[in-house]
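Working through the structure, step by step
The chain contents come next:
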Amino acid sequence: MSGHVVIAVDGPAASGKGTLARRLAAELGYAYLDTGLLYRVVGLILIRQGLDPADENAAAEAAIVFDAATADFNDPALRDEETSKAAGIVAAFPAVRAALVDVQRRFAANPPGGAEGGAQGVARGAVLDGRDIGTVICPDADYKFFLEADIEERARRRVKELRDRGDTVILNLVLQEMKERDERDRTRAVAPLAPAADASVVNTTNLNADAAFALAMSLIR
Ligand code: C5P
């Protein structure tokens, strides 16, 4: 027994998984890890080095030297569409995924924090969101949610998010990019995007963030 709770929240882009995972972590006093950021950091390293994200050796090298302790997860460029695309490409490489497994499992096993009553320096639980948390990273998670929504709705959400931060974007291009990224995530050979057999599948197409949160909390309690 690990003695603390692990919650896995998986799903495609803009399905609402990040919003739900963050809220669950805040409500329960658990540590939160957005695992997409790890793949985004690797993609951004390649972009900044002028390398092609489809260069498997370069991507593997970047993932191996990646250090979560020193990476800047607040860099706004991590949210750029170009970085999203690069993240989806590097995430399909088995060596990249393998290099990032330990940092995710360590987080789940020893969630940083502890202000909410856990042992010193360790939170009472962890919430991780991504694509393969319930299937590969934490198959023994205590609770698993898989969020999905119609792709048109997800593209609209992503456009709003990008416009809110001042980017000029075209809905059709975002939709097209999202379709390609979904397809790559669902069909890759290693850790494809899919609900774990024991995950609660939640369709958020017509469910706002409050309703998704209430539903998830009711399943946890
Ligand atoms: O969740 P987010 O959109 O930030 O993830 C960026 C990309 O990283 C995804 O398109 C996916 O290809 C990859 N990813 C992954 N496994 C995860 C998290 C993200 O393959 N656990």
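It should be noted that the structure appears before, not after, this text.
To keep things clear, this report deals only with the structure shown in the data block. (Residues numbered from 1 in each chain as written. Predicted model: local features only at pLDDT ≥ 70, side-chain atom pairs only at ≥ 80, totals over all residues. Heavy atoms only, no water.)

Observations concerning the overall build of the protein
Threshold: Here a strand is any run of E in DSSP of at least two residues, a helix any run of H or I of at least four, and the numbering for each starts at the N terminus. Both definitions apply: the radius of gyration is a C-alpha atom measure, and the globule rule equals 2.2 Å times residues to the power 0.38. In this scheme, a residue with accessible area under 20% of its type's maximum is buried, one over 50% is exposed, and one in between is partly exposed, where area comes from a 1.4 Å probe on protein chains only. For this analysis, residues touch if any pair of their heavy atoms sits within 4.5 Å. In this charge count, Lys and Arg are treated as positive and Asp and Glu as negative; neither His nor the chain ends contribute. Lysine's charge is taken at NZ, arginine's at CZ, aspartate's at CG and glutamate's at CD.
Per the secondary structure count, the protein includes 9 helices and 5 strands. Along the protein, from the amino end to the carboxyl end, the secondary structure elements read β-α-β-α-α-α-α-β-α-β-α-α-β-α. In summary, the protein has a C-alpha radius of gyration of 17 Å against a globular reference of 17 Å for 221 residues, a match within 12%. The principal-axis extents of the C-alpha atoms in the protein amount to approximately 45 × 40 × 35 Å. For the protein, the residues scored as buried account for 49% of the 221 residues in total. For the protein, the share of sequence-separated contacts (at least 6 apart) that also reach a separation of at least 24 residues comes to 77%. When the 26 positive and 33 negative side-chain charges of the protein are each reduced to one mean point, those points stand 3 Å apart.

Focus: unusual backbone geometry
Its identity is not glycine, yet Ala 14 carries a phi of approximately 60°, on the positive side. Here Ala 14 lies in the loop between strand E1 (5–10) and helix H1 (17–28). For Ala 14, a relative accessible area of 13% corresponds to the buried category. Not every positive phi belongs to a glycine, and Ala 191 is a case in point at roughly 50°. On the basis of relative accessible area, Ala 191 is assigned to the buried category, the value being 10%.

Remarks on the pattern of salt bridges
Heads up, the condition is: The term salt bridge refers to a pairing of a side-chain nitrogen on Lys or Arg with a carboxyl oxygen on Asp or Glu at a separation within 4 Å.
Tallied over the full model, the rule gives 17 salt bridges. Note that Lys 144 and Asp 198 form a salt bridge whose closest N and O atoms lie 3.0 Å from each other. Of the two residues, Lys 144 sits in strand E4 (residues 143–148) while Asp 198 sits in the loop between helix H8 (171–187) and strand E5 (200–203), which places them 54 residues apart along the sequence. Given a relative accessible area of 8%, Lys 144 falls into the buried group. Salt-bridge contacts for Glu 153 lead to Arg 156; the nearest nitrogen and oxygen are separated by 3.3 Å. Taken together, the positions of Glu 153 and Arg 156, both in helix H7 (residues 151–164) and 3 residues apart, correspond to about one turn of that helix. Linked by salt bridges that have partners in common, Asp 80, Arg 165 and Asp 167 make up one network.

Notes on the nonpolar core
Defined as follows: Remark: nonpolar core denotes a set of buried residues (Ala, Val, Leu, Ile, Met, Phe, Trp, Tyr, Cys) joined through side-chain atoms within 4.5 Å.
If you look at the biggest cluster of nonpolar residues, it comprises 22 residues, and the most contacted ones within it are Leu 38, Tyr 39, Val 42, Leu 46, Ala 59, Val 96 and Leu 100. Of all the elements in the fold, those that place two or more residues in this core are helix H2 (36–48), helix H3 (56–65), helix H4 (81–90) and helix H5 (94–109). The residues contacting Leu 38, other than those within four sequence positions of it, are Phe 66, Phe 73, Leu 100, Val 103 and Gln 104.

Focus: the environment of Asn 57
With respect to the secondary-structure elements, Asn 57 resides in helix H3. As for Asn 57 and Leu 175, which are separated by 118 residues in sequence, their C-alpha atoms are 29 Å apart.

With respect to the environment of Pro 111
As for its position among the elements, Pro 111 is in the loop between H5 and strand E3 (125–130). In the structure, Pro 111 is positioned 13 residues away from Arg 124 in sequence and 7.5 Å away in space, judged by C-alpha atoms.

Side note on the sheet that holds E5
As a reminder of what qualifies: Strands qualify as paired when DSSP identifies two bridges or more between them. Axis definition: a line fitted to C-alpha atoms, over the contacting stretch in the case of helices. Angles run 0 to 180 degrees between N-to-C directions.
Spatial strand order, E2-E3-E1-E4-E5: 5 strands in an open sheet with parallel pairing. Single-partner strands in this sheet number two, and they are strand E2 (31–34) and E5. Ignoring which end each strand starts from, the neighbouring axes of this sheet average 20° apart. Sheet analysis places E4 next to E5, joined by 4 bridges and oriented parallel. For Phe 146, the partnering residue across the bridge sits in E5 and is Val 201. Set on the sheet, H5 makes contact with E1, E2 and E3; between it and E3 the angle comes to about 150°. Against the sheet, helix H9 (residues 209–220) engages E1, E4 and E5, with an angle of about 155° to E4.

Some details on the packing of H7 against H8
Here is the rule we go by: Note that the term roughly parallel is reserved for angles under 35 degrees, roughly antiparallel for angles over 145, roughly perpendicular for angles of 65 to 115, and oblique for everything else. In this scheme the handedness of a crossing depends on how the near helix is turned from the far one: anticlockwise by less than a right angle means left-handed, clockwise means right-handed. Amino acids outside the nonpolar list (Ala, Val, Leu, Ile, Met, Phe, Trp, Tyr, Cys, Pro) and the charged list (Asp, Glu, Lys, Arg) are all regarded as polar, and Gly is one of them.
Put simply, H7 and H8 touch, their axes get as near as 9 Å, and they point 120° apart. It follows from the interaxial angle that H7 and H8 lie oblique. Note on packing geometry: the crossing formed by H7 with H8 is right-handed. Facing H7, whose interface residues are Ile 151, Glu 152, Arg 154, Ala 155, Arg 156, Arg 158, Val 159, Leu 162 and Arg 163, H8 presents Leu 171, Val 174, Leu 175, Met 178, Lys 179, Arg 181, Asp 182 and Arg 186. Across the contact of H7 with H8, the residue classes tally to 8 nonpolar, no polar and 9 charged.

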